[in-house]
Amino acid sequence: MPESCLGVQEVSEVTSQETDSRIERLRAEHGSRLAVLAHHYQQDEVVAHADYCGDSLELARKIPNLQAEWIVMCGVYFMAESAAILAASGQKVSIPDQNAGCVLSNMAPAWLVERKVRELNDQGRRIIPLAYVNTSAAVKALCGRYGGSVCTSANAATMLDWALQQGDGVVFLPDKNLGRNTAKALGIAAQDYEILDLRSPARASRSRLFLWPGLCTVHNLIKPRHMEHIRQADPRARIIVHPECMPDVVDMADASGSTSGIIRYVQEARPGDTIYVGTEINLVQRLAREFGPAKTIRPVLDTACSNMAKVTAPKLAEHLDAIAAVPKVGVGPEVRQDALLALERMLEVCR
Ligand code: 13P
Ligand code: SF4
């Protein structure tokens, strides 16, 4: 490596040490008034400063138990919105980069979801909306109003089963991959569900399940050919993928699970095992560092979520420095009330 690069590395190490010390000093100053939460896809430089790290369900469950005045969500915007919905009055939720969105969530704008849910319900059948937590507060509110709820990748099967018992059918959104994988896990055959065509009015056919045609562009990069390649190159290895991957990929894996489910799978593996993990690269690399060399952890594919990466240690430091003045994640009172209903139904069903 050229000397100049080594120099850059040294400078950046000093800078990152300064940033780390600054964050820790600010956390100590704010004490119990501050809680920093991080999703598993955050970079190590952020995770190192979190009071609590979890998957989407665990992060949502944590909020009602927090006493802190300021809750800083290191993740993407819908996670901060969920926290703002579940937070007590007086608690302030913020995110170090408000532009950290989610591609999947953006594929289901509330106005279009409302139109499709109305079209389906105007035809004499009661169709319940069930939204993956990767949706806006407005979409969650709509689910609350129409008798539906919310799910995460960790409880999608339980919640879909619940939703199917609430009416004549369910519209599951926005992830068609998670929808198809969950339908399969519940034994719902492909002929019993349909993927909505958003260009034409929705028809409430005899289907029990309507899937929104969204997907996560990060997980959808993992293709059957990547799985085949691993199976050929390393036949003794096991593969676990996130259920946002396409059904063909999930079918070829040994297991699928939420981010916390993936962590448990790796924890429970035996020394000497090789496990390929199909999900966001920050989590895979952290698993490789934490469990190697006893266990060999490799990515199915190097897939990064550019939105998760928008939250960095320097941004967290700036954010904590100005915590009293940073913009709060706001959810209007009506949206909050209806979205809270949808989230509380999930927390009640999955106690
Ligand atoms: P988990 O609910 O498994 O943490 O996943 C959230 C997510 O955004 C996956 O892409
Ligand atoms: Fe959204 Fe996909 Fe990123 Fe998860 S990995 S936050 S679903 S874009």
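Numbers given to residues run from 1 along each chain, matching the order in which its sequence is written. The lettering of chains begins at A and the numbering of ligands begins at 1, in the order of writing. Since the coordinates come from a predicted model, pLDDT governs what is reported: local features require at least 70, and pairs of side-chain atoms require 80 or more to be given and counted, while whole-chain, interface and lining totals use all residues. Note that the side-chain values use all heavy atoms of the structure and ignore hydrogens as well as water.

Colleague: Please give an account of the overall build of the chain that cites residues and values.
Modeller: Helix and strand assignments follow DSSP, with helices taken as H or I runs no shorter than four residues and strands as E runs no shorter than two, numbered in order from the N terminus. Regarding its fold elements, the chain presents 15 helices and 13 strands. Principal-axis analysis of the C-alpha atoms places the extent of the chain at approximately 70 × 55 × 35 Å. Only protein chains enter the accessibility calculation, which uses a 1.4 Å probe; a residue whose area is less than 20% of its type maximum is buried, one above 50% is exposed, and one in between is partly exposed. Here the chain holds 351 residues, and 55% of them are scored as buried. Any two residues having at least one pair of non-hydrogen atoms within 4.5 Å are treated as being in contact. For the chain, contacts bridging at least 24 residues in sequence account for 66% of all contacts bridging at least 6. Summed over its atoms, the accessible surface of the chain is roughly 15600 Å², and 49% of this surface lies on carbon and sulfur atoms. Within the chain, one finds 38 positive and 41 negative side-chain charges whose respective centroids are separated by 6 Å. Per-residue accessibility takes into account occlusion by the displayed protein chains alone, with areas from the Shrake-Rupley method and a 1.4 Å probe. Charge counting treats Lys and Arg as positive and Asp and Glu as negative, with His and both chain ends excluded. Every charge is mapped onto a representative atom, which is NZ of Lys, CZ of Arg, CG of Asp or CD of Glu.

Colleague: Tell me what's going on with the nonpolar core, and back it up with residues and numbers.
Modeller: Note on terminology: a nonpolar core comprises buried Ala, Val, Leu, Ile, Met, Phe, Trp, Tyr and Cys residues joined through side-chain atoms within 4.5 Å. By size, the foremost hydrophobic cluster in this structure holds 92 residues, and its most contacted members are Ile63 and Leu209. Sort the elements by how many residues they give to this core and helix 4 (residues 77–86) lands first, with 7 residues. Leu26, Leu34, Trp70 and Val72 belong to the second-largest nonpolar core, a separate cluster that totals 17 residues.

Colleague: Tell me what's going on with the site of ligand 2, and back it up with residues and numbers.
Modeller: Close to ligand 2 lie Tyr41, Val76, Cys102, Val103, Leu104, Asn134, Cys216, His219, Glu244, Cys305 and Met308. Residue classes follow a fixed rule: Ala, Val, Leu, Ile, Met, Phe, Trp, Tyr, Cys and Pro count as nonpolar, while Asp, Glu, Lys and Arg count as charged, and any other residue, Gly among them, counts as polar. Of the residues that constitute the shell around ligand 2, the class distribution is 8 nonpolar, 2 polar and 1 charged. Here, proximity means that at least one heavy atom of the residue falls within 4 Å of the molecule or strand.

Colleague: Would you mind going over the pattern of salt bridges in detail, with residue names and values included?
Modeller: When a carboxyl oxygen of Asp or Glu lies within 4 Å of a side-chain nitrogen of Lys or Arg, that pair is called a salt bridge. In this structure the tally under the stated criterion is 21 salt bridges. As a salt-bridge pair, Glu29 and Arg25 come within 3.1 Å of each other at their nearest N and O atoms. A residue pair is termed a helical-turn pair when its members lie 3 or 4 positions apart in one helix, as Glu29 and Arg25 do in helix 1 (residues 3–30) at 4 residues. According to the relative accessible area criterion, Glu29 is exposed, its value standing at 53%. Taking relative accessible area as the criterion, Arg25 reaches 43% and is therefore assigned partly exposed. With a shortest N-O distance of 2.7 Å, Asp97 and Lys315 are connected by a salt bridge. Taken together, the residues span a long stretch of sequence, with Asp97 in the loop between strand 4 (92–94) and helix 5 (103–106) and Lys315 in helix 14 (residues 313–321) at a distance of 218 residues.

Colleague: Outline the site of ligand 1, listing residues and values.
Modeller: With respect to spatial proximity, the complete set of residues near ligand 1 consists of His39, Tyr41, Asp55, Ser56, Asn134, Ser153, His219, His242, Glu244, Ser258 and Thr259. Whenever a nitrogen or oxygen atom comes within 3.5 Å of another N or O atom, the pair is scored as a polar contact, on the condition that within protein one atom can donate a hydrogen and the other can accept it, and that pairs from neighbouring residues in sequence are kept only if both atoms are in side chains. One of the side-chain N or O atoms of Glu244 is found 2.9 Å from an oxygen atom in ligand 1. For ligand 1, whose unbound accessible area comes to 300 Å², protein coverage reaches 96%. Tallied by class, residues from the shell around ligand 1 come to 1 nonpolar, 8 polar and 2 charged.

Colleague: Can you explain the packing of aromatic side chains? Please cite residues and give values.
Modeller: Ring geometry is summarised as follows: Phe, Tyr and Trp rings, the Trp one being its six-membered ring, pair when their centres sit within 6.5 Å, and such pairs are stacked at plane angles under 30 degrees, edge-to-face over 60 and tilted between the two. By the definition in use, this model includes 0 aromatic pairs. Directly above the aromatic system of Tyr52 lies the positively charged group of Lys62, at a separation of 4.4 Å from the ring centroid. Whether a charge sits over a ring comes down to the Lys NZ or Arg CZ being within 6 Å of the ring centre and within 35 degrees of the ring normal.

Colleague: Residues and numbers for the packing of helix 6 (residues 110–121) against helix 7 (residues 137–145), please.
Modeller: Note on definitions: angles span 0 to 180 degrees between N-to-C directions of axes, and those axes are lines fitted to C-alpha atoms, for helices only across the stretch in contact. Close contact between helix 6 and helix 7 brings their axes to 9 Å; oriented N to C, the two are set at 25 degrees. The pairing of helix 6 with helix 7 is recorded here as roughly parallel in orientation. Where helix 6 crosses over helix 7, the two elements pack in a sense that is right-handed. Packed against helix 6, whose contacting residues are Ala110, Val113, Glu114 and Val117, the element helix 7 presents Ala138, Val139, Leu142 and Arg145 at the interface. Of the residues assigned to the contact of helix 6 with helix 7, the class counts are 6 nonpolar, no polar and 2 charged. Just so you know how the angles are binned, under 35 degrees is roughly parallel, over 145 roughly antiparallel, 65 to 115 roughly perpendicular, and the rest oblique. Two helices crossing with the near one rotated counterclockwise from the far one by less than a right angle form a left-handed crossing, whereas a clockwise rotation gives a right-handed crossing.

Colleague: Mind laying out the sheet that holds strand 8 (residues 193–195), listing which residues take part and the relevant values?
Modeller: Within the open sheet, the 5 strands sit side by side as 6-5-7-9-8. Their pairing is parallel. Each end of this open sheet is capped by a strand with a single partner; those strands are strand 6 (149–151) and strand 8. Across the sheet, the axes of successive neighbouring strands diverge by a mean angle of 25 degrees, strand direction being ignored. At least two DSSP bridges between two strands are required for those strands to pair. Note that strand 8 and strand 9 (residues 209–211) share 3 bridges and pair parallel. If you follow Tyr193 over to strand 9, its bridge partner there is Leu209.

Colleague: I'd like a description of helix 14, backed by residues and values.
Modeller: For helix 14, the complete set of buried residues consists of Ala313, Leu316, Ala317, His319 and Leu320. Across the axial projection of helix 14, the buried residues extend over an arc of 165 degrees, all falling on one side. Arc, as used here, means the arc of the directions from the helix axis to the C-beta atoms.

Colleague: Before we move on, can you summarise the side chain of Thr135 with the specific residues and values?
Modeller: Mapping Thr135 onto the fold places it in the loop between strand 5 (127–132) and helix 7. Polar contacts involving the side chain of Thr135 include one to the main-chain carbonyl oxygen of Tyr132, which spans 2.8 Å. Among residues more than four places away in sequence, those in contact with Thr135 are Phe78, Glu81, Ser105, Lys140, Leu173 and Pro174.

Colleague: Lay out the pairing of strand 12 (residues 274–278) with the relevant residues and their values.
Modeller: Burial analysis of strand 12 places 5 of its 5 residues in the buried class, which makes it a mostly covered element. Sheet topology note: the strand 10 (residues 238–241)/strand 12 ladder contains 4 bridges and is parallel. Among the inter-strand pairings, Ile240 is bridged to a residue of strand 12, identified as Val277. Pairing geometry for strand 12 and strand 13 (residues 296–299), over 4 bridges, is parallel. Along strand 13, the bridge assignment pairs Val277 with Pro299. Whether a crossover is right-handed depends on one test, that the path from the first strand over the helix to the second runs clockwise when the strands point away from the viewer. Read as a crossover between parallel neighbours, the route from strand 12 over helix 13 (residues 281–291) to strand 13 is right-handed.

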